[in-house]
Amino acid sequence: MRKPIIAGNWKMFKTVSEATAFFADVKGKAEVDGVETVICAPFTTLPALVDAAKGTTIAIGAQNLHFEDSGAYTGEISGVMLKDLGVKYVIIGHSERRAYFAESDEIVNKKVHAAYKHGLTPIVCVGEKLEEREAEQTKEVCKVQTEAAFQGLSAAQAAEVVVAYEPIWAIGTGKSSTAADAEDVIAFIRDVIAGLYDAATADAVRIQYGGSVKPNNVTEYLGQSNIDGALVGGASLEPASFIALVEGAK
Ligand SMILES: O=C[C@H](O)COP(=O)(O)O
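Residues numbered from 1 in each chain as written. Predicted model: local features only at pLDDT ≥ 70, side-chain atom pairs only at ≥ 80, totals over all residues. Heavy atoms only, no water.

**Topic: the UniProt feature "active site" (unreviewed entry) in the protein chain**
The feature "active site" (unreviewed entry), as given by UniProt, occupies His94 and Glu166 in the numbering adopted here. Of the residues just listed, which span 73 residues, no C-alpha pair is farther apart than 8.5 Å, and they cluster in one region. Structurally, histidine 94 can be placed in the loop between strand E4 (89-92) and helix H4 (95-100). Classification of histidine 94 by relative accessible area gives buried; the value is 4%. (UniProt positions renumbered as here; feature names shortened; annotations may be inferred. Helix = DSSP H or I, 4+ residues; strand = E, 2+ residues; numbered from the N terminus. Buried < 20%, exposed > 50% of the residue type's maximum accessible area, 1.4 Å probe, protein only.)

Laid out in structure tokens, this is it:
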């Protein structure tokens, strides 16, 4: 039985004081039996959030990491540093990083391995661009990205990966995929993982949908048999909305 996981991706929003005020508002309320709650926040806010989250069931995640442990990589943060802070999750291969920071499938795979090296759980993003969807390449794109991300992982590691299927045209646009369409692609991604490993491993992997998820549509996505949660940008930024997302996943 896969536990639903609602992860907020704050992207480049919130100062430390805004983050701690947010956490105080959601503490106790975005903690619901049977649902895992994660906040993936900017690096600067992570120490304060990890501290605030002690004694709660809310896990804190980062939005990126470098694949090396240390070195001359100005501006980068490694898995060693995130683990040292007490971070549990890390988003890898978000489409914004693929688009604006030239993250290739190969780099995504290196980052997934770096996450596991340091005991972090990766939330691996895959998804197609609008032109790829229109050319009916959605499944092929997701297959290539998924196979690349999982390359070299043991079955035990693969089972722990959280995949986020995020059609790029649905991110921050208000144009969400229908629940049925998202279910179709996510079931396909699970089949791809089964092909790489076996049915039991694929069955253990949690696969989220992301792209304009709101409190008023989260239940519909989570009602699909293969959709195990949501990776949420805009609607995760306000406490009331974030709480409603977690409650909607019950
Ligand atoms: O990581 C989250 C996604 O990019 C979705 O963002 P959104 O909920 O603002 O569409």
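**With respect to the site of the ligand**
Around the ligand sit 13 residues in total, of which Lys11, His94, Gly172, Ser212 and Gly234 are the nearest. One nitrogen or oxygen atom from the side chain of lysine 11 is found 2.7 Å from an oxygen atom belonging to the ligand. Considering the ligand on its own, with 310 Å² of exposed area, one finds that the protein chains cover 97% of that surface. When grouped by side-chain class, the residues that make up the shell around the ligand number four nonpolar, seven polar and two charged. (Near = heavy atom within 4 Å. Polar contact = N/O pair within 3.5 Å; in protein donor to acceptor, adjacent residues only side chain to side chain. Areas by Shrake-Rupley, 256 points an atom, 1.4 Å probe, with all protein chains shown as cover. Nonpolar A, V, L, I, M, F, W, Y, C, P; charged D, E, K, R; others polar.)

**Structural notes on the pairing of strand E7 (residues 206-210)**
Of all five residues in E7, five are buried; the element is thus mostly enclosed. Relative to E7, strand E6 (residues 162-165) runs parallel, the two being bridged by four bridges. Looking at the pairing, valine 163 lines up with isoleucine 207 of E7. Pairing between E7 and strand E8 (residues 229-232): two bridges, direction parallel. Bridge pairing in E8 links tyrosine 209 to alanine 230. (Pairing = 2+ DSSP bridges.)

**Looking at the UniProt feature "binding site: substrate" (unreviewed entry) in the protein chain**
With numbering matched to this structure, UniProt assigns "binding site: substrate" (unreviewed entry) to Asn9, Trp10, Lys11, Gly172, Ser212, Gly233 and Gly234. A maximum C-alpha distance of 14.0 Å places the annotated residues, which cover 226 residues in sequence, within one compact spot. When its relative accessible area of 4% is taken as the criterion, asparagine 9 is described as buried. Apart from residues lying up to four places away in sequence, asparagine 9 is in contact with Cys40, Gln63, Ile91, His94, Leu231, Val232, Gly233 and Ser236. At 3.0 Å, the side chain of asparagine 9 and the backbone nitrogen of lysine 11 are in polar contact. Mapped onto the secondary structure, glycine 233 falls in the loop between E8 and helix H12 (239-248). With sequence-adjacent residues up to four places away left out, glycine 233 is seen in contact with Asn9 and Lys11. (Contact = heavy atoms within 4.5 Å.)

**A word on H12**
With seven of its ten residues buried, H12 lies for the most part within the structure. Three or more residues of H12 are buried, namely Pro239, Ser241, Phe242, Ile243, Leu245, Val246 and Gly248. Packing partners of the buried residues in H12 comprise strand E1 (5-9), helix H1 (16-26), strand E2 (36-40), helix H11 (218-222) and E8.

**Side note on the packing of aromatic side chains**
Taken as a whole and judged by the stated rule, the model has five aromatic pairs. Plain terms: the ring middles of tryptophan 10 and phenylalanine 22 are 4.8 Å apart, the flat faces sit at 80 degrees to each other, and that makes the pair edge-to-face. Remark: phenylalanine 22 occurs in helix H1 and tryptophan 10 occurs in the loop between E1 and H1; sequence separation between them is twelve residues. Here tryptophan 10 and phenylalanine 22 have matching classes, each one buried. Look at tyrosine 165 and tyrosine 209: their rings are 6.3 Å apart centre to centre, the planes differ by 55 degrees, and that puts the pair in the tilted class. Residue tyrosine 165 is found in strand E6, and its partner tyrosine 209 is found in strand E7; the two are separated by 44 residues along the sequence. Across this residue pair, the class does not change: tyrosine 165 and tyrosine 209 are buried. In this structure an aromatic cluster arises from ring pairing among Trp10, Phe22 and Phe242. The ring of tryptophan 10 carries lysine 14 above its face, with NZ or CZ at 5.2 Å from the centroid. In this structure, arginine 97 packs its charged tip against the face of phenylalanine 101, placed 4.2 Å from the ring centre. (Phe/Tyr/Trp six-rings, centres within 6.5 Å; stacked < 30°, edge-to-face > 60°. Lys NZ or Arg CZ within 6 Å of the ring centre and 35° of its normal.)

**Looking at the nonpolar core**
Within the largest apolar cluster, 65 residues are counted, with the highest numbers of intra-cluster contacts made by Ile6, Ile39, Ile60, Val163, Ile189, Tyr209 and Phe242. Ranked by residues supplied to this core, first place goes to helix H9 (residues 179-196) with six residues. What valine 163 contacts, discounting residues up to four positions off in sequence, is Val124, Val126, Phe150, Ile189, Ile193, Val205, Arg206, Ile207 and Gln208. Counting residues in each nonpolar core, the second largest holds twelve residues, with Ile5, Ala7, Val38 and Leu231 among its members. (Core = buried A, V, L, I, M, F, W, Y, C linked by side-chain atoms within 4.5 Å.)

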